[in-house]
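Coordinate inspection notes
In case you want the letters, here they are:
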Amino acid sequence: MTTTEMINAFTVGYDIANLEGPGYEDDEILIFLNKAQIIEVLKEVGIKRWSYISNLIENETGATNPAAHEFSHSLFYTPSHDYLAYISSKSYVSRSDYKEVNYEWIGNRLINKDVSHKYVTNALNKPIILEPCVYEEEDGTIAIIHDQETTFSNQNDFYLEYVRYPVQITSVVDCELNEIPMHERIVNTAINFAKGVFNANEQAILAQADRIIKQPEL
Amino acid sequence: MTSREVQRRFDLEVAKYGVIDPVFGATVEDYINYAYQAYIDEMYDSLINPAIKFEINERVSRILAPLLRDYTETTFVAITTNNASGYYIEWDDSNDLQYIITEKAVFTHEDCNEEETTYTGKILPIKHNMIRSNINNPFLNPTLKEEEPVVWRMNIFSDRLELIFPSRSTPISYTCRYIKKQTPYTINPADPANTAMEIDSSVHGDIAQKAAIMYLSDLRINTQKTETNGNT
């Protein structure tokens with residue numbers, strides 16, 4: 001659907017269900033549509049169903065950079081697009097001394113940031129990390145932790161597949177998500193938001209939407 | 001197995017029970033050392049596991065063989081606290097004595113004609129309280145009777161042995177074969193080539209497995225304590 005078609009669909013659906021509700025201008029409808037767009041993308045991310053949001057999936061290869069913090073054997077990678085969610089990644093590494101590898105692509109393991117300290121090498125902790133571990137930083141970069149036997153080449157040594165933020169829907173920019181089934185779902189969710197503005201019975205839907213935004217992995 | 005291989009085996013064992021994130025390295029080191037000591041004790045001491053004791057079969061013998069050492073001491077210091085014929089020997093700087101396997105003492109004895117004869121005596125480990133109770137018992141105390149003279153031995157301090165010889169004896173040498181204290185396992189090997197545990201390599205995996213079970217057991221107890229505290 002084009003933006004115009006989405007606005008029309010919104011108007012039709014909203015008017016049928018809310019004969020006594022307030023009317024909305026196109027700019028206001030776009031606010032609902034954009035909010036609904038993010039919610040629907042996060043729902044797909046939460047269940048790791050990538051096929052419905054394949055238009056947002058980016059894959060790229062780039063160089064890692066030394067991390068600014070004091071942890072040894074850690075790096076970071078900055079995605080070139082506006083990062084939303086992690087799908088998978090690989091590192092081009094070599095290993096010495098234990099389970100030797102001479103520069104090959106090794107799949108990374110996603111961990112949570114709150115347990116990342118267990119993977120950090122220091123005088124008291126020498127973890128064996130055969131698969132480099134990655135976690136998402138708050139600023140949208142990817143932190144990488146490896147062990148003392150692993151060496152990154154620092155030249156196109158990181159491959160990342162991720163979901164980027166969708167572009168905002170405007171009067172001149174159409175929704176870029178997969179038309180089937182995402183456009184219809186976005187319109188329906190936007191209608192529910194619009195209904196929730198004046199109808200208390202719709203608050204539960206809004207609360208659910210807020211929860212999904214806060215905890216997209218549920 | 002190298003130090004890293006043992007650590008990896010520990011990680012795999014705890015992962016079977018859902019501990020996926022690495023256990024803190026120093027903690028792994030401690031648990032492997034607990035298990036290491038417990039394993040050696042079990043292989044040596046029949047009171048811990050009556051089915052397994054030192055050299056009960058070829059396999060058990062091989063397991064502890066890398067820890068066996070020979071020791072000879074010729075310097076004796078008189079210690080007359082318990083008996084006029086008492087001496088102690090002090091272990092060398094290695095201070096690595098753990099369990100004695102076999103031992104003997106060579107000494108000279110001066111008979112009533114003041115003629116000296118050299119004997120090789122069998123060492124009898126005794127308890128400290130047996131000194132007072134048996135020292136005047138001619139059937140039990142250190143004497144030259146029969147073919148093989150007897151010398152008493154007691155453990156005193158971690159690096160010292162007290163020997164009581166038959167009266168009018170002068171010690172010449174003490175020789176033993178013993179199980180040395182194992183070099184502790186470390187996650188910070190200076191040289192990976194030299195960091196394998198000294199015990200036979202066939203049981204390194206067993207020690208890592210034992211350490212993992214000990215860790216998981218403690219983890220379970222701590223978790224239960226936390227849950228109990230949280231509920232009260």
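Residues numbered from 1 in each chain as written. Chains lettered and ligands numbered in written order. Predicted model: local features only at pLDDT ≥ 70, side-chain atom pairs only at ≥ 80, totals over all residues.

Overview of the overall build of chain B
Selection rule: Secondary structure elements follow DSSP: runs of H or I no shorter than four residues count as helices, runs of E no shorter than two count as strands, and numbering proceeds from the N terminus. In this setup the radius of gyration rests on C-alpha atoms only. A globule is expected at 2.2 Å times the number of residues raised to 0.38. Neighbour density around each residue's C-beta defines its exposure: 20 or more other C-beta atoms within 10 Å make it buried, 12 or fewer make it exposed, and counts between make it partly exposed, where C-beta atoms are placed from the backbone. Contact definition: two residues whose C-beta atoms, as placed from backbone geometry, lie within 7 Å.
Within chain B, the secondary structure is distributed over five helices and eight strands. Counting from the amino terminus, chain B carries its helices and strands in the arrangement α-α-α-β-β-β-β-β-α-β-β-β-α. For chain B, whose C-alpha radius of gyration is 23 Å, the value lies well above the compact-globule estimate of 17 Å for 232 residues. Principal axes of the C-alpha set define a box for chain B whose edges measure 80 × 50 × 30 Å. Within the span of chain B, comprising 232 residues, buried residues form 26% of the whole. Within chain B, counting contacts between residues at least 6 apart in sequence, those at least 24 apart form 68% of the total.

Brief notes about the pairing of strand β7 (residues 133-136) of chain A
Residues and elements named next belong to chain A. Note the cut-off: Only when DSSP finds a minimum of two bridges between them are two strands counted as paired.
Here strand β6 (residues 109-110) runs beside β7; their pairing, made up of two bridges, is parallel. Residue R109 lies in a different strand from β7, and its bridge partner there is C133. Strand direction decides the pairing type here: β7 and strand β8 (residues 142-145), joined by four bridges, are antiparallel. Bridged to Y135 within β8 is A143. Where β7 hands over to β8, the hairpin turn is made up of five residues, of which G140 adopts a positive phi near 85°.

A look at the interface of chain B and chain A
The line we're drawing: Ten residue types, Ala, Val, Leu, Ile, Met, Phe, Trp, Tyr, Cys and Pro, are classed as nonpolar, four, Asp, Glu, Lys and Arg, as charged, and the remainder, Gly among them, as polar.
On the chain A side, the residues contacting the twelve residues of chain B number eleven residues. Of all the secondary-structure elements, those providing two or more residues to the side of chain B that touches chain A are α1 (3-15) and α2 (25-44) of chain B. Considering every element that reaches the side of chain B that touches chain A, the biggest residue donor is α1(B), with four residues. Classifying every residue of the side of chain B that touches chain A gives five nonpolar, three polar and four charged.

Let's talk about the domain arrangement of chain B
Put simply, the rule is: Where each domain begins and ends is defined by an automated method or by a domain database.
Per the domain assignment, the segments making up chain B are domain 1 (3-64 + 201-222) and domain 2 (68-180). Distance between the C-alpha centres of domain 1 of chain B and domain 2 of chain B: 36 Å.

Digging into the pairing of β8(A)
Across four bridges, the pairing between strand β3 (residues 74-77) of chain A and β8(A) is antiparallel. Looking at β8(A), one finds that S74(A) is bridged to I145(A).

Some words on unusual backbone geometry
P181(A) follows I180(A) through a cis peptide bond whose omega is 5°. Among the structural elements, P181(A) can be located in helix α3 (residues 179-198). A positive phi is found at F157(B), a non-glycine position, where the angle reads about 65°. Within the fold, F157(B) resides in the loop between β6 (150-155) and β7 (160-164). Of the residues examined, F157(B) has 11 C-beta atoms within 10 Å and is grouped as exposed.

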